[in-house]
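Structure at a glance
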Amino acid sequence: MSSPQNDETRIAAAEPALRAIMRRLRQIMAEPGDGQDRLNKIVRQVAGLMVAEVCSIYVKRQDGSLELFATEGLNPDAIHTTRMKRGEGLVGRCAEIGVPVNVPKAQSHPAFSYRPETGEEAYHSLLAVPILRGGALLGVLVVQNQTPREYTDEDVESLQTTAMLVAEHIVSGDVAGALQDPSSSLNTTTRIVGEPMSEGIALGHIVLHQPRVTVTELLAVDPEAELERLGRSVIALRNAIDSMLKTESLAKAGAHRDVLEAYAMFANDRGWLRRMQEAVREGLTAEAAVERVQNTTRTRLLRQNDPFWRERLRDLDDLSDRLLRILVGRGGTAFSELELPDDTILVARNMGPAELLDYDRSKLRAVVVEEASAQSHVAIVAKALDLPAIGNVPRLIERLNSGDPAIVDGAAGDIHLRPSADIEASYVDKVRFLARRQKQFRSLRNKAAITQDGVHVELQLNAGLSIDMPHLEASGASGIGLFRTELQFMIASTFPRVTKQTATYREILAAAGDKPVTFRALDIGGDKVLPYMRQPKEDNPALGWRAVRLALDRPGLFRMQVRALLRASVGRDLRLMIPMITDISEFRRARALIDRERAVAVKRGQPVPERVLVGAMIEVPAILYSLDALLHEVDFVSVGSNDLLQYLFAADRTNPLVATRYDPLHVASLRVLKHIAETCVAKNVPVTLCGEMGGNTIEAMALLGVGFRTISMAPASVGPVKSMCLSVDVSRVRDEIDRALLSNETGSLRDRLRRFAETDSVEI
């Protein structure tokens, strides 16, 4: 007759590890005993069922350290003795980044921290998963083996599900000494710097976006009933998203519409539903299945370096959280509108675009998202809603409490938590001043930008989405100097067909009316990745296969875009500039493709634009040495100061370690820009500058001084730059800069030009 232990081993071998772990842990939770005893039983069972020599549980303490609470395989004397600081060792790294750490040779890993009291030197492979509850870290669950191996996705999934059960046990209060309710006395004034996503200033009170539903019932009693609940809730989720897309305020075409349609496609993904159904069949409740699939998918997506998949991760989190709220009967919204204060500053760890739209817009003053960038979907929607927004603020939520007063400066990327009376008064004055300035700028909307000495200056807009177009009329700009066509491609889930591109460009041109629009040909590669296009891994993508280089190697993509632009521009001029020209041969090849598409259209009897004007972007310093020859080939040129200056100084403007290594007002910058402007004037070729430099008043003043007469900028900059133009004498600025350059002055001229502006009463 077989023993109960042999029977259990035979049963475990015949069923998947996850199901066996779930069944055995259910029994352990029901057994009498204290919390420590249950933890000891859990590590023994998990080690046996996962065929691991070691299983350990580290629990987070009040000071943030991780203490070894239970182990099977390590030295038992190390329990309650071994502690790891946050971020220390592979266990601390798992806690720090909040995702599994899977290392075949742990002792060779640079993050490995050897603790002799544990006796772990015999074990090579390590898998650690965070123990989370409601997004908060409670500890780390670890398995180890002597043989070097990389644990499978199934192993990771099993350990993550086990960690969910361990989390419930820790917060139950049975585990003495565990950190169960993290809280802190956060009362001091704090300034935190993030990444600006949408400009504006807001004063208000923090509301924590809390979409997470804490799953307490993990083990299913009736799997069939759970499957039915899951199915009904998924249908409710899809219906809610469809209704959102039909609302009047969101029905208009635009970037926000494209984002939400892609989001709806994710919600209808059959694979997502199938994986949740499989988790229920393995013994989990519907809620636990949603959380399990969310955790495992998050782990896979975090392995991707592609920004597209990082954005899909935010969409997944949003959808999963919505589904959890529906399952527990809270509806799909993240926060009841009745609970919002009238001056809400919404703070989230991450957020999908639809979740932001759930909130009462009349009560929102600003939004801050820890895990978002200026290119994220939520940033696009925040701009469409005209909300100040800041992203990329790691561990912000740990430093605040709901209800804290705060100030959000969307232009600077500053968040002031619990501001002092002096800081608050300063920002109140700043808001009033900005309101007065905006009123003044609006009064200049229909006034020409003519300087004190009679120089006419054209101020144009940089744009990239249909939601930017209303700013053309509101700002009084004379046209679109740069329309970044790649943004439409970056927010789409597949490469837009010619008909879709044509419709988009027609919409842009119709919104511009009789004002000119200069389109930049598709500038992808580098940090601009299309999710549906395979690109090689490059060590230095900014200097790699991008812009015109990619277009000429993949002419089909470029020709499709040209075809769409030709069709959209019938009855008016098409102005198209080619980015990142390094050699004249590149421009010639690109122009030949454009001429070919136009000739094909004419041959087929299709209408074409009245004129096709093709320009080159000056961004690569090498082309400066062929500038005279290039100007014989082009209809116009546009200076992309962002790339030109970062290449000139070999300093990545997005890298905070080197972004300040140069100044646009450095003598080297001004010599280069002066050479370009003067050469274009001599050859009678129109020249525009369309980089960020043109949107700053003191830089714009310098551009006038070195010879530029057309500048393109962000919509919010048109008013201040026009005010500067109306107050400046260009001849005096030119003389000031020439004196500095002729005197062989070095470094930046910023302070010198600022003193000049003050003396000459120039509004900067």
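Here, the structure is the one placed above.
All values reported here derive from a predicted model rather than from experimental measurement.

Let us look at the overall build of the chain. Looking only at helices and strands, the chain has 26 helices and 23 strands in total. Expressed as a percentage of the 764 residues in the chain, the buried residues total 54%. Residue pairs at least 24 apart in sequence account for 66% of intrachain contacts in the chain once pairs closer than 6 positions are excluded. Of the roughly 33300 Å² of accessible surface on the chain, 49% is carried by carbon and sulfur atoms.

Glancing now at the packing of helix α23 (residues 697-706) against helix α24 (residues 718-727). Packing of α23 against α24 leaves a shortest axis separation of 9 Å and a crossing angle of 50 degrees. Taken together, α23 and α24 sit at an angle that is classed as oblique. For the crossing formed where α23 meets α24, the hand is right-handed. The residues of α24 that touch α23, namely those facing Thr697, Ala700, Met701 and Leu704, are Pro720, Val721, Met724 and Cys725. Split by residue class, the contact of α23 with α24 holds 7 nonpolar, 1 polar and no charged.

With that settled, consider the sheet that holds strand β9 (residues 201-208). If you trace the 8 strands from one edge of the open sheet to the other, you get β7-β14-β13-β9-β10-β11-β12-β8, paired in mixed fashion. Edge positions in the open sheet fall to β7 (190-193) and β8 (195-198), since each of these has one partner strand only. Between one strand axis and the next, the sheet turns through 30 degrees on average, direction left out of account. Pairing of strand β11 (residues 364-369) with strand β12 (residues 389-391) involves 3 bridges; the strand directions are parallel. Along β12, the bridge assignment pairs Val369 with Gly391.

What follows concerns α24. The buried fraction of α24 is high, at 10 of 10 residues. Three or more residues of α24 are buried, namely Val718, Gly719, Pro720, Val721, Lys722, Ser723, Met724, Cys725, Leu726 and Ser727.

Right, let's talk about helix α19 (residues 584-603) for a bit. Look at α19: 28 Å from first C-alpha to last across 20 residues, which is about the 28 Å you get at 1.5 Å a residue. Among the residues of α19, Ile584, Glu586, Phe587, Ala590, Arg591, Leu593, Ile594, Glu597 and Ala601 are the ones counted as buried. The elements touched by buried residues of α19 are α17 (548-553), α18 (555-568), β19 (574-578), β20 (612-618) and α20 (627-631). Remark: Gly605 follows α19 within two positions and exhibits a positive phi of approximately 75 degrees.

Moving on, we come to the environment of Asp453. Take Asp453: it is sitting in the loop between β15 (449-450) and β16 (456-463). C-alpha of Asp453 to C-alpha of Ser731: the two residues are 278 residues apart in sequence and 7.3 Å apart in space. With near-sequence residues (within four places) excluded, Asp453 lies in contact with Val728, Asp729, Val730 and Ser731. A polar contact is formed between the side chain of Asp453 and the side chain of Thr451, at a distance of 2.6 Å. Within the local environment of Asp453, its side chain forms a polar contact with the backbone nitrogen of Ser731, the two atoms lying 3.0 Å apart.

Definitions and limits used
Residues numbered from 1 in each chain as written. Predicted model: local features only at pLDDT ≥ 70, side-chain atom pairs only at ≥ 80, totals over all residues. Heavy atoms only, no water. Helix = DSSP H or I, 4+ residues; strand = E, 2+ residues; numbered from the N terminus. Buried < 20%, exposed > 50% of the residue type's maximum accessible area, 1.4 Å probe, protein only. Contact = heavy atoms within 4.5 Å. Areas by Shrake-Rupley, 256 points an atom, 1.4 Å probe, with all protein chains shown as cover. Axes fitted to C-alpha atoms, helices over the stretch in contact; angles between N-to-C directions. Parallel < 35°, antiparallel > 145°, perpendicular 65-115°, else oblique. Left-handed = near helix turned anticlockwise from the far one by under 90°. Nonpolar A, V, L, I, M, F, W, Y, C, P; charged D, E, K, R; others polar. Pairing = 2+ DSSP bridges. Expected span 1.5 Å × (residues − 1). Polar contact = N/O pair within 3.5 Å; in protein donor to acceptor, adjacent residues only side chain to side chain.

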